[in-house]
Amino acid sequence: MSAPAPQPVVTAAHSDPYAPKGLALTLESTGAILLALLWVLPLAYAVWAAIHPAEYTTRFVLTAPLTLDNFTRAWAAAPFARYFLNTFILVTMILAFQLVLGTLAAYALARQDFWGRDIAFALILAQLMIMPDALIVENYRTLARLDLIDTIPAIALPYIASAFGIFLLRQTFKTVPKELDDAARVEGASPLQVLMKVYVPLAKPTYIAYGLVSVSYHWNNFLWPLLVTNSVESRPLTVGLQVFSSSDQGIDWAVICAATLMTSAPLLIGFLLFQRQFVQSFMRAGIK
Amino acid sequence: MNSRATATVHGWLLLLPAMACLALFTHWPAVATLVESFYSTPKARRPARFVGLDNYEQLLADPIFWKAMSNNLWFALGTIPTSIALALLMAVWVNDKIVGRTWVRMAFFTPTILPMIAVANIWLFFFTPQYGLLEQIVGLFGGRSTNWLGSQDTALAAITVVAIWKEAGFFMIFYLAALQALPPSLGEAAAIEGASRWTYFRRIQFPLLMPTTLFVLINAVINAFRMVDHIFVMTRGGPDNATTLLLFYIYQVGFSFWDTAYAATLTCVLLALLALVAFVQYGILERRTHYR
């Protein structure tokens, strides 16, 4: 839905009479650009500090020499390779389970008529309000009983059944024409085959939208991983970064900025490359 | 077995994996938390025993709890209206054909996808006394040096600003989607009637955006009680609990002091607040919101 997409050309009959012109356009553009500059300031500063020697961290001289030294120092100061791997395993594991569990549940809720369906749906939606963040104490205890503390599955488990994902897929499955379903059944397809051959392919945009939202959420998640991990082997990037920047490193802002950028880089690069898809998927996932 | 029974078995089998996880990590812990709030914290020599409302009495008499509650309310009051108003302004701006629109929209949305824990490091530097960026700017205009995060008066405001910065661009996306879904004929009709740009916004666009505002509002309220990541980096609840929010206090009580029963009691308060939000959403606002 972003602007210069190859939409059918808006005809002159539908020109916007309230589009700002002349002075109004100048004022509006100036305001928007000033606010935008303010909004990127933290990121811009991080880039500045990361690519210049430490003595230029607070001195903004255009002729300051460039260096990648801060990145090498940050990379060497903490096991970031391991943190990256952990985060990658974590978000992949969560997404895979969320999609499988969500698809099965959504299919049952959207297209099966059975006893207790409405109760089940209400029980699922309860998670939208009681978010896992609020239940840290009790969930920690459960995982301790399962002897999973300090493992990657422990970070993933409370999130793999996602009410939001189930809800989103249910809405999408409900829009699939019943005739397609019936036709596949006449051909002799089993319910599972119908799901895989008819529903899943048609819901691809929803899967992509939900996937992006889920990956960015769990890439950035901090509190729960902080609680259940205490070793390098299981720590994701966010927790690793916090341990790194609050420990013996002191306040070496240049190195901290380099580490901060490294941590955010994959999502940031993905966002810059697929900006439109990212924004659209957030919209699609949000608007019901 | 008749077909109805077969369908029920099929349906529940499909739901089983998701429901099992939800029961284990949402329903059961919610009930267990409520039960535990009526018991004492088990110690090495003394197992948990039923104490009735003792934990709640302790809570009512706990000045840190009241501090966390009032901080959280101020935090909510500071973030919710400001981030929603900014989001609406941003959306109206990037919906118009302004100069550098793609770039501006990207700038607004970027904070959303950055890890809060990572950007909190940068904000920490901004607020650093003596040589931080804010300090340098204030110094440029001859202002006095302030320890933004170290002072009781400014610490909560400082973390509120970071939250607004993080959220406004996220909410903008929903307003933008809603604005673009409004039929252009509305604008034409209003223009023929001679309505000004401001009247068109106030009387037509804004009322039609009410469902979006409601959606964004619910999200903003939930986030106000959930957003604590930056506190870990920037203040750790200090100075003297000036930035302790409810969830951060639950974390401290549960995982620093290991007083699990009292943490459960605090969690019940948080859950009650969230239930209230849900009740308001479905009970009152939903009925009064104007849907197209």
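Cut-off values and rules
Residues numbered from 1 in each chain as written. Chains lettered and ligands numbered in written order. Predicted model: local features only at pLDDT ≥ 70, side-chain atom pairs only at ≥ 80, totals over all residues. Heavy atoms only, no water. pLDDT = per-residue confidence, 0-100. Contact = heavy atoms within 4.5 Å. Buried area = accessible area lost by both parts, 1.4 Å probe. Salt bridge = Lys/Arg side-chain N within 4 Å of Asp/Glu carboxyl O. Polar contact = N/O pair within 3.5 Å; in protein donor to acceptor, adjacent residues only side chain to side chain. Helix = DSSP H or I, 4+ residues; strand = E, 2+ residues; numbered from the N terminus. Buried < 20%, exposed > 50% of the residue type's maximum accessible area, 1.4 Å probe, protein only.

Next up on the list: the confidence of the model for chain A. Note that predicted coordinates carrying low pLDDT should not be read in detail. Per-chain confidence: chain A averages 85 in pLDDT, with 92% of residues scoring 70 or above. Ignoring residues within four places in sequence, the model shows residues 1-13 of chain A, a span with pLDDT below 50, making 14 contacts including any to other chains.

The parts lose accessible area when they come together, and the size of an interface is often stated as this lost area. With 94 residues of chain A at the contact, the number on the chain B side is 102 residues. Both sides together, the interface formed by chain A and chain B hides about 8700 Å², and carbon and sulfur atoms give 76% of it. The largest contributions to the chain A side of the interface with chain B come from A:Tyr18, A:Trp39 and A:Met129, which together make up 11% of the buried area. At the junction of chain A and chain B, the tally comes to three salt bridges. In this structure, A:Asp133 and B:Arg226 form a salt bridge, with 3.8 Å as the shortest nitrogen-oxygen distance. Where chain A touches chain B, the interface holds nine residue pairs in polar contact (both at pLDDT 80 or more). Looking at which element gives the most residues to the side of chain A that touches chain B, the answer is helix 1 (residues 22-51) of chain A, with 17 residues.

Here we come to the pattern of salt bridges. Counted according to the given criterion, the structure contains six salt bridges over all chains. A:Arg141 serves as the salt-bridge partner of B:Glu36, at 3.0 Å between the closest nitrogen and oxygen. Placement of the pair is B:Glu36 in helix 1 (residues 3-36) and A:Arg141 in helix 5 (residues 136-145), with the two residues belonging to separate chains. With relative accessibility at 10%, the residue B:Glu36 sits in the buried group. Classification of A:Arg141 as partly exposed rests on a relative accessible area of 24%. Taken together, the salt bridges that share partners define one network made up of A:Glu138, A:Arg141 and B:Glu36.

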